[in-house]
Amino acid sequence: MVSHRLLPSRILLLSRVKTTHHTRLKPLKTLTTTTSQLAPESETTPSSSSSSSDYSDPYLVDKLCFGLNQANNNNNNTASSLRNHLIRLNPLAVAEVLYRCRDDLTLAQRFIQQLSLHLPNFKHTSLSLSATIHILVRCGRLSDAQSCLLRMIRRSGVSREEVVTSLASTYTNCASNDSVFDLLIRTYVQARKLREAHEAFTLLRSRGYVVSIDACNALLGSLVRFGWVELAWGVYHDMSLSGTVINVYTLNIMVNALCKDNQMDKVGGFISQVEEKFGVHPDIVTYNTLISAYSSRGLTEEAFELMNVIMPSKGFTPGVYTYNTLINGLCKHRQYERAKEVFAEMLKSGLGPDSATYRSLLMEACKKGDVGEVEELFSDMRRGDVVPDLVCFSSVMSLFARRGDLDKALVYFSLLKDAGLVPDNVIYTVLIQGYCKKGMFSEAMDLRNEMLRLGCCMDVVAYNTILHGLCKRKMLGDADKLFKEMTERGLFPDSYTLTILIDGHCKLGNLQNAMELFKKMKEKRIRLDVVTYNTLLDGFGKVGDIDTAKEIWIDMVSREILPTPVSYSILVNALCSKGHLSEAFRVWDEMMSKGVKPTVMICNSMIKGYCRSCNASDGESFLDKMVSEGFVPDIITYNTLIHGYVREEKMSRAFGLVKKMEEEKQGGGLVPDVFTYNSILHGFCRQNQMKEAEAVLRKMIERGVNPDKSTYTCLINGFVSQDNLTEAFRFHDEMLQRGFSPDDQF
């Protein structure tokens, strides 16, 4: 009986842990990765360790500590006993074991290892995780500690208050240090949980815990980088009040914050304050930050003063980054010549330009379309052993592709591969666009296949490029197949994709298909814009389906999409083409009431409406009124009116307009073209006035306007109708000499 009563005491005595002086030990090699050993707890499988039976043995923790001490003896019975004890653990007991082992970190690590080995799905609480984190940090196993932190902060329903409270409540019992709180802030920052990081920082400071300057800087830097400048200033002021000694990194972060907030005028005062209070002085990064801010906003004089006056006075010499930011700013604000001067100064100072230097110059030269300058810069790069990056190559290739010089773009594509660079989506899309522009769709698809074969996935932009080319060439069958492939690959079409297809179907008269695509846009809640509506309005307007065009207009306005001048022009033109002049004027009045200035296209449509109603004289009166209000007519304006008068057989009025055009020509006005003369010539031929028609022909030739096939066809048919075959054959021969072949109208 006595021996049984003494047994618990013996176990307790034997399990006492030897005290040490917090010796830091290397982590055990057997505990390698955190993902397998500290796996997320199962939310569905209940753990037996959390049952009330665990509390029935008041000596469970003592037995575990004894078992851990005996584990080195490689005794199978001891190992089996330890496993049995571990199975009965609950989170509170885990924390208690770690408290007991706080003075023997080797023993603590052994416990963590055994727990993760035998209970990989152990259901931790914030308390047990916090104790584990403290011990791992003390052991220098920061990666494992951070994995536990991530596990804790990602647990459902766990607030920042609970996380901080758990870490704080286990802090003393684990003999921990403030490095744990630094790691907490860094973990939040690295997980891009900046609001949570800021909240945790505030909670820690309110409880009197110290957060190191490095962790503070990590938080400040991320807040500023993501544009949360106000929160960053809150953290900075807390640091200042708490006596945290800031360093030059803090200074540079907050200078960047002022620049991002467009408060460069406050930078000088802030720097002076920091110098006076903390003895921290700006370095070259500070000045580079300011130069970058001034340059990007076009404040080049301030940037030059910093680089040429203030930096040298403080003992700093501008470096490559300094010159790069200045050159980039000048190029962005179209001061290319001055950027080249800075580039020359950079070379003179002995600094070697890098790819970023050339990138800014190349991109601006490409925007200007200066091929000679681009090729010279590229040659300079190669001579200086500077490897162009993908942005440089894509800019140059895009320039040549836009100019239609696809062969030159392909030369640079070869150079890109020779340089060891891997083409990306942008590079391939540039070339695909070049091929599509030339109608070389087979080559474009070959390039697409190469792109996919190399593992470079096509994006929406690449598909849109090919779709646009196919629709432009009226290859709607191929376009529909490509669109189907795009959706099957899991790519979500955007507004531009579907508008391209709608436009293609409208141009071919497939209005039902166009409307189905339009309905699909609505169903998928793809953003509808005025371009989509204008495309549909134009399609239905051209086939004369005014009712559907009106419905589309009403739908557009109901969605608060404002019509543009193009929208009004399309609708007015559709109404005028059908002779609905009164409705066209209602649209005109609405347009004027909303302050939309009429374009030449709208005015021409109104004049066309008058002429279609056999009322060209009112059309001319409308023109005179618009001219008096500042409207400048174009050649189509006059040709429309002339054609209207000819239809009404008012040849003298038609000739009068030609003379008016010629008179305006003297003052730099309009020149009658072949359509102008053909309209009048056609009118005379219809009236069998062939002498007058020949006179028009001679006049147009005298004016330097070459007759076309329509001119000769009209004359030949006119003479044939008078049975004057001699003259008909004479003009027939002249037509052949000019390279025109007769058609069915002859």
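Residues numbered from 1 in each chain as written. Predicted model: local features only at pLDDT ≥ 70, side-chain atom pairs only at ≥ 80, totals over all residues. Heavy atoms only, no water.

## Side note on the packing of helix 18 (residues 320–332) against helix 19 (residues 336–348)
Packing of helix 18 against helix 19 brings their axes to within 8 Å, and their N-to-C directions diverge by 165°. As judged from the angle between their axes, helix 18 and helix 19 are roughly antiparallel. In the packing of helix 18 onto helix 19, the handedness of the crossing is left-handed. Contacts between helix 18 and helix 19 involve Val320, Tyr323, Asn324, Leu326, Ile327, Leu330 and Cys331 on the former and, on the latter, Tyr336, Arg338, Ala339, Val342, Phe343, Glu345 and Met346. (Axes fitted to C-alpha atoms, helices over the stretch in contact; angles between N-to-C directions. Helix = DSSP H or I, 4+ residues; strand = E, 2+ residues; numbered from the N terminus. Parallel < 35°, antiparallel > 145°, perpendicular 65-115°, else oblique. Left-handed = near helix turned anticlockwise from the far one by under 90°. Contact = heavy atoms within 4.5 Å.)

## Regarding the side chain of Ser360
Looking at the secondary structure, you find Ser360 in helix 20 (residues 355–368). Residue Ser360 is classed as buried on the basis of its relative accessible area, which comes to 9%. Those residues in contact with Ser360 that sit more than four places away from it in its chain are Ile327, Asn328 and Cys331. (Buried < 20%, exposed > 50% of the residue type's maximum accessible area, 1.4 Å probe, protein only.)

## Things to note about unusual backbone geometry
Unlike most non-glycine residues, Ala175 shows phi in positive territory, near 50°. Here Ala175 lies in the loop between helix 9 (160–171) and helix 10 (179–190). Relative accessible area serves as the criterion here: at 26%, Ala175 is assigned to the partly exposed category. Backbone geometry places Arg334, a non-glycine residue, at a positive phi of 60°. Mapping Arg334 onto the fold places it in the loop between helix 18 and helix 19.

## Some remarks on the packing of aromatic side chains
The description of an aromatic ring pair rests on the distance of the ring centres and on the angle between the ring planes. What the rule picks out here adds up to 21 aromatic pairs. The structure contains a cluster of three or more aromatic residues connected by ring pairs, namely Phe378, Phe393, Phe400 and Tyr412. Over the aromatic face of Trp228 sits the side chain of Arg195, whose NZ or CZ is 4.7 Å from the ring centroid. Directly above the aromatic system of Phe731 lies the positively charged group of Arg730, at a separation of 4.4 Å from the ring centroid. (Phe/Tyr/Trp six-rings, centres within 6.5 Å; stacked < 30°, edge-to-face > 60°. Lys NZ or Arg CZ within 6 Å of the ring centre and 35° of its normal.)

## Brief notes about a positive patch on the surface
A surface patch of like charges, here positive, comprises Arg402, Lys437, Lys438, Lys472 and Arg473. Residue placement: Lys472 occurs in helix 26 (residues 460–472). (Patch = residues over 30% accessible without salt bridge, like charges linked within 9 Å, V, L, I, M, F, W, Y side chains within 5 Å. Areas by Shrake-Rupley, 256 points an atom, 1.4 Å probe, with all protein chains shown as cover. Salt bridge = Lys/Arg side-chain N within 4 Å of Asp/Glu carboxyl O. Lys, Arg positive; Asp, Glu negative; His and termini not counted. Charge placed at Lys NZ, Arg CZ, Asp CG, Glu CD.)

## Side note on helix 6 (residues 105–118)
If you check helix 6, its first and last C-alpha atoms are 20 Å apart, about what 14 residues at 1.5 Å a residue would give, namely 20 Å. Within the sequence span of helix 6, burial applies to Leu105, Leu107, Ala108, Gln109, Arg110, Phe111, Ile112, Gln113, Gln114, Leu115 and Ser116. (Expected span 1.5 Å × (residues − 1).)

## Quick notes on the layout of surface pockets
Volume-wise, the largest pocket comes out at about 290 Å³. Put simply, the parts of the chain that give the lining of the largest pocket at least two residues each are helix 30 (530–542), helix 32 (565–577), helix 34 (600–612) and helix 36 (635–647). Class assignment of the residues belonging to the lining of the largest pocket gives a composition of 6 nonpolar, 7 polar and 4 charged. (1 Å grid on protein atoms, 1.4 Å probe; cavity = no way out; pocket = protein on both sides within 12 Å on 5 of 7 lines; lining within 4 Å. Points joined across faces, edges and corners; volume = space filled by probe spheres on them. Nonpolar A, V, L, I, M, F, W, Y, C, P; charged D, E, K, R; others polar.)

## Examining a nonpolar patch on the surface
The grouping of Val720, Leu725 and Phe729 at the surface amounts to a nonpolar patch, some 280 Å² of accessible area in total. Mapped onto the secondary structure, Val720 falls in helix 40 (residues 709–721).

## Here we look at the pattern of salt bridges
Applying the stated rule across the entire model yields 27 salt bridges. The partner of Asp624 in a salt bridge is Lys660, and the shortest N-O contact between them spans 3.4 Å. In this pair, Asp624 sits in helix 35 (residues 616–628) while Lys660 sits in helix 37 (residues 651–666), placing the two residues 36 residues apart along the sequence. By relative accessible area, Asp624 is classed as partly exposed at 38%. A salt bridge links Glu727 to Arg730, with the nearest nitrogen and oxygen atoms 2.4 Å apart. Within this pair, Glu727 and its partner Arg730 are both found in helix 41 (residues 725–737), separated by 3 residues, close to a single helical turn. With relative accessibility at 38%, the residue Arg730 sits in the partly exposed group. Linked through salt bridges whose partners overlap, the residues forming this network are Arg448, Glu485 and Arg489.

## Comments concerning helix 21 (residues 371–383)
Two residues of an α-helix separated by three or four positions point the same way, owing to the 3.6 residues in each turn. Taking 1.5 Å of rise per residue, 13 residues should cover 18 Å, and helix 21 covers 18 Å from first to last C-alpha, within 8% of that figure. Along helix 21, the positions that sit buried rather than exposed are Val371, Glu373, Val374, Leu377, Phe378 and Met381. The buried residues of helix 21 all sit within an arc of 165° when viewed along its axis, so they share a single face. Along its buried surface, helix 21 packs onto helix 19, helix 20, helix 22 (390–402) and helix 23 (406–418). In the segment just after helix 21, Asp385 is the residue with positive phi, at about 55°. (Arc of directions from axis to C-beta.)

## Overview of the state of the cysteines
Tallied over the full model, the rule gives 0 disulfides. Here Cys457 stays unpaired: no disulfide links it, and the sulfur of Cys456, its closest cysteine neighbor, is 7.1 Å away. (Disulfide = S-S within 2.5 Å.)

## Concerning the confidence of the model for the chain
On average, residues of the chain score 84 in pLDDT, and 89% of them are at 70 or above. With pLDDT under 50 throughout, residues 1–56 is counted as low confidence; its partners more than four residues away or in other chains account for 86 contacts. (pLDDT = per-residue confidence, 0-100.)

## Focus: the environment of Phe731
Tracing the backbone shows Phe731 in helix 41. Given the relative accessible area of 2%, Phe731 is considered buried. Taking the C-alpha atoms as reference points, Phe731 and Phe719, 12 residues apart in sequence, are found 9.4 Å from one another. Once residues within four sequence positions are removed from consideration, Phe731 is found in contact with Glu694, Leu697, Tyr712, Leu715, Ile716 and Phe719.

## Points about the side chain of Thr322
Within the secondary structure, Thr322 sits in helix 18. In this structure Thr322 comes out as buried when scored by relative accessible area, which is 0%. Dropping the residues within four chain positions of it, Thr322 is found in contact with Asn288, Ile291, Met307 and Met311.

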